[in-house]
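Summary of the model geometry
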Amino acid sequence: MGVDVWLDKNTAASASVRSDVEQHAASEDKPAPLLPEGLARLAKQVAVCQQCSLHESRTQTVFGIGNPDADWLVIGEAPGADEDRQGEPFVGRAGRLLNSMLLAMGLQREQVFIANILKCRPPDNRDPKPEEVLACESYLRQQIELIKPKIILAVGRIAAQNLLKLETPIGKMRGQRYQYPASELPVIVTYHPAYLLRSPREKRKVWEDLKFAMQTYKALV
Ligand code: URA
């Protein structure tokens, strides 16, 4: 799975983008960027959270990472095994594909902020339970209030449905501009990169979604 498929004919050469992606993959040893006070305080609260039973099985919480002033907030489902081990969202195979998706949009991973609906790994990567989503909800809301992104990209059904409080199938959410509840913050939905790893034929649809997200963003700034 290369990144070429994400590239518009007019964007940067795929070779240089591929090398960027490889550098991201190799950058796991980089120190985590310092967070401003509000986010740092929230991250400390999250780190000791025991609001649901997931704290019993986690290695550590996964608060989120990226630019605290980001225009783009990417929201996924929950940490997996790699993320639970490293304390950073989207660091496994799906994370590398997410990096490629961002690069295709002209965004470096460090430019955006990446977080999840859940801050702890559900055992065996099962779907989050409603009570776990509820217990974690205020953390995500506070992250959104502190970062003040201009747009949210929700990746995957679980992220989209829980963020928007909808049960609409993800296929029907694509191509729509939603709003984060009780705000005017636009939310665009696309498939989860882990799904794309299993169903690479859907990449064209995701590229359409990413272009739609970029158009939506450009109309805002
Ligand atoms: N999948 C997600 O939704 N989030 C992660 O952080 C990793 C994999």
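A short tour of the structure in this document, coming up. As the structure is a computational prediction, the values presented were derived from the model and not from experiment. (Residues numbered from 1 in each chain as written. Predicted model: local features only at pLDDT ≥ 70, side-chain atom pairs only at ≥ 80, totals over all residues. Heavy atoms only, no water.)

1. Observations concerning the overall build of the chain
When you go through the chain residue by residue, the secondary structure sums to 9 helices and 6 strands. The proportion of buried residues among the 221 residues of the chain is 49%. At a minimum sequence separation of 6, the contacts of the chain that also span at least 24 residues come to 72%. Counting only carbon and sulfur atoms, one obtains 48% of the accessible surface of the chain, whose full area is about 11,100 Å². (Helix = DSSP H or I, 4+ residues; strand = E, 2+ residues; numbered from the N terminus. Buried < 20%, exposed > 50% of the residue type's maximum accessible area, 1.4 Å probe, protein only. Contact = heavy atoms within 4.5 Å. Areas by Shrake-Rupley, 256 points an atom, 1.4 Å probe, with all protein chains shown as cover.)

2. Focus: the sheet that holds strand β2 (residues 72-76)
Pairing is mixed in the open sheet, where 6 strands are placed in the order β1-β3-β2-β4-β6-β5. Pairing within the sheet leaves two strands with one partner each, and these edge strands are β1 (65-66) and β5 (178-179). One ladder, built from 4 bridges, connects β2 with strand β4 (residues 151-155); its direction is parallel. Counted as the bridge partner of Trp72 is Ile151 from β4. (Pairing = 2+ DSSP bridges.)

3. So, the packing of aromatic side chains
Overall, the coordinates contain 2 aromatic pairs when judged by the stated rule. With 5.1 Å between their ring centres and 40° between their planes, Trp72 and Tyr217 make a pair best called tilted. Residue Trp72 is located in strand β2, and its partner Tyr217 is located in helix α9 (residues 203-220); the two are separated by 145 residues in the primary sequence. Taken individually, Trp72 and Tyr217 each receive the classification buried, so the pair is uniform in this respect. When the ring of Tyr191 is compared with that of Tyr195, the centres are 4.9 Å apart and the planes differ by 45°; the resulting orientation is tilted. Judged by its relative accessible area of 10%, Tyr191 is buried. (Phe/Tyr/Trp six-rings, centres within 6.5 Å; stacked < 30°, edge-to-face > 60°.)

4. Structural notes on unusual backbone geometry
The phi dihedral of Asn125 is positive, around 55°, even though this residue is not glycine. Its place among the elements puts Asn125 in the loop between β3 (113-116) and α5 (130-147). Under the relative-accessibility criterion, Asn125 is labelled partly exposed at 46%. If you check the backbone angles, Ala182 has positive phi at about 60° while not being a glycine. Judged by its relative accessible area of 84%, Ala182 is exposed.

5. Quick word on the pairing of β4
Where a strand is regular, its side chains alternate between the two sheet faces. Most of β4 is tucked away: 5 of the 5 residues are buried. Pairing geometry for β4 and strand β6 (residues 186-190), over 4 bridges, is parallel. Note that in β6 the partner of Leu153 across the bridge is Ile188.

6. A short note on the site of the ligand
Taken together, Gly76, Glu77, Ala78, Glu83, Pro89, Phe90, Asn116 and His192 make up all the residues around the ligand. Residue Glu77 places a main-chain N or O atom 2.7 Å away from an oxygen atom belonging to the ligand. Separating an oxygen atom of the ligand from a backbone N or O atom of Phe90 is a distance of 2.9 Å. Against a free-state accessible area of 240 Å², the protein chains account for coverage of 92% of the ligand. Counted by class, the shell around the ligand contains 3 nonpolar, 3 polar and 2 charged residues. (Near = heavy atom within 4 Å. Polar contact = N/O pair within 3.5 Å; in protein donor to acceptor, adjacent residues only side chain to side chain. Nonpolar A, V, L, I, M, F, W, Y, C, P; charged D, E, K, R; others polar.)

7. Focus on the nonpolar core
With 61 residues, the main nonpolar core has Ile75, Ile152 and Leu163 as its most contacted residues. Leaving out residues up to four positions away in the same chain, Leu163 has contacts with Ile75, Ile117, Leu140, Ile152, Ala154, Tyr180, Pro181 and Val187. (Core = buried A, V, L, I, M, F, W, Y, C linked by side-chain atoms within 4.5 Å.)

8. Some words on empty space enclosed by the protein
With the rule as written, the count across this model stands at 1 cavity of 30 Å³ or more. In this model, the largest cavity occupies a volume close to 80 Å³. Forming the boundary of the largest cavity are 16 residues, of which Cys49, Cys52, Arg58, Cys120 and Cys136 lie nearest the centre. Considering each element in turn, the lining of the largest cavity owes the most residues, 4 residues, to α5. Of the residues belonging to the lining of the largest cavity, the class tally is 9 nonpolar, 4 polar and 3 charged. (1 Å grid on protein atoms, 1.4 Å probe; cavity = no way out; pocket = protein on both sides within 12 Å on 5 of 7 lines; lining within 4 Å. Points joined across faces, edges and corners; volume = space filled by probe spheres on them.)

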